[in-house]
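Chains, contacts and geometry: an overview
If you want the building blocks of each chain, they are given just below.
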Amino acid sequence: EFSASADLRTRERDLQNEVEFALGDTVRGRVAELVPADASIDARALANSDTIVLTAEDADPELATEYVSTYARVYVQERARASIASYAETTAVLQSQLDTVEAERDEVLADLADNPGDPALERRLADLDAEVTVLASSLRRLELQVSLADAGVAQIVRAATVPEDPVHPDVAGYLLLG
């Protein structure tokens, strides 16, 4: 029960965080530089999926379509940029920890050279070896995530189209989060 409900709550929270990111100042600011429009934009999570729906409204339906299309592209770019930056920060922390552990390991090896067979030093060396293995493995997984983020953490799955009914426009683009 805990795992299934916790996973669902985590997914919902993550998706809501993505909606907030999409509507945030970074994305809005970049879009404003690219499309001079007064269109309003809204984002919502599509139920039971990893999809965000972006909707734009403007007096000019073609401008609303251009606006939401640009908004979706900028969101995808900014999400990838933010993910890569976050991975870079985490990589730096892990690398620093690995460097520290490896330096301590080198000191223990030097002490073992002076005191061969010391059980306390051998236990400490084994602990440090295990820690190096875990940190190195974490760094490799993170490098994989960076390469995946480079390939794109989100994609546009349905392009916006000019609405048929301009009184009740449905200018929406769909983003799939990966």
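These remarks concern the structure in this document. Because the structure is predicted, anything quoted here is derived from the model rather than measured. Along each chain, numbering runs from 1 in the same order as the chain's sequence is written. Residues qualify for local features only when their pLDDT is at least 70, as the model is predicted, and side-chain atom pairs are given and counted only at 80 or more; totals for whole chains, interfaces and linings, by contrast, use all residues. Think of the side-chain values as coming from all heavy atoms in the structure, minus any hydrogens and water.

1. Some points on the packing of helix α2 (residues 25-34) against helix α3 (residues 61-114)
Axis definition: a line fitted to C-alpha atoms, limited for helices to the stretch in contact. Angles are taken between N-to-C directions and run from 0 to 180 degrees. The helix and strand labels rest on DSSP assignments: H or I over at least four residues marks a helix, E over at least two residues marks a strand, and numbering proceeds from the N terminus. Where α2 meets α3, the axes come as close as 9 Å, and the angle between the chain directions of the two elements is 130°. Classified by the angle their axes make, α2 and α3 are oblique. Our pair here, α2 against α3, has a crossing hand that is right-handed. Across the interface between the two elements, Thr26, Val27, Arg28, Arg30, Val31 and Leu34 of α2 pack against Tyr67, Thr70, Tyr71, Val74, Tyr75, Gln77, Glu78 and Arg81 of α3. Class assignment for the residues of the contact of α2 with α3 results in seven nonpolar, three polar and four charged. Each angle gets one of four labels, with under 35 degrees taken as roughly parallel, over 145 as roughly antiparallel, 65 to 115 as roughly perpendicular, and the rest as oblique. It is the rotation of the near helix from the far one that decides the hand of a crossing: anticlockwise by less than a right angle makes it left-handed, clockwise makes it right-handed. Working rule for contacts: check all heavy atoms of both residues, and any pair within 4.5 Å makes them a contact. Nonpolar residues are Ala, Val, Leu, Ile, Met, Phe, Trp, Tyr, Cys and Pro. Charged residues are Asp, Glu, Lys and Arg, and all others, Gly as well, are polar.

2. What to know about the nonpolar core
Among buried residues, those of type Ala, Val, Leu, Ile, Met, Phe, Trp, Tyr and Cys that are joined through side-chain atoms within 4.5 Å constitute a nonpolar core. Classification of residues uses two cut-offs on accessible area relative to the type maximum, computed with a 1.4 Å probe and protein chains only: under 20% is buried, over 50% is exposed, and between them is partly exposed. With 22 residues, the main nonpolar core has Ile41, Ile52, Leu54, Tyr67, Tyr71 and Tyr75 as its most contacted residues. For this core, the elements supplying multiple residues, two or more each, are α1 (2-22), α2, β1 (40-45), β2 (51-57) and α3. Beyond its immediate stretch of four places on either side in the chain, Tyr67 contacts Val31, Val35, Ala37, Ala39, Ile41 and Ala56. Counting residues in each nonpolar core, the second largest holds 12 residues, with Leu94, Leu98, Val108 and Leu121 among its members.

3. What to know about the packing of aromatic side chains
A pair of Phe, Tyr and Trp rings is counted when the ring centres sit within 6.5 Å of each other, with Trp represented by its six-membered ring. The angle between the planes then sorts it: under 30 degrees is stacked, over 60 is edge-to-face, the rest tilted. The tally for this structure, following the rule as stated, stands at two aromatic pairs. The interplanar angle of 70° and the centroid separation of 5.9 Å between the aromatic rings of Phe21 and Tyr75 together place this pair among those described as edge-to-face. Taken as a pair, Phe21 in helix α1 and Tyr75 in helix α3 lie far apart in primary sequence, 54 residues in all. Note on Tyr75: relative accessible area 0%, which makes it buried. Look at Tyr67 and Tyr71: their rings are 6.0 Å apart centre to centre, the planes differ by 45°, and that puts the pair in the tilted class. Pair noted here: Tyr67 and Tyr71 are both in helix α3, with a separation of four residues, about one helical turn. Of the two residues, Tyr67 and Tyr71, neither departs from the other in class, the shared state being buried. Sitting over a ring, as applied to charges here, requires NZ of Lys or CZ of Arg to be within 6 Å of the ring centre and within 35 degrees of the ring normal. A cation sits over an aromatic face here: Arg79 above Phe21, 4.0 Å from the ring centre.

Structural measurements only, silent on function.
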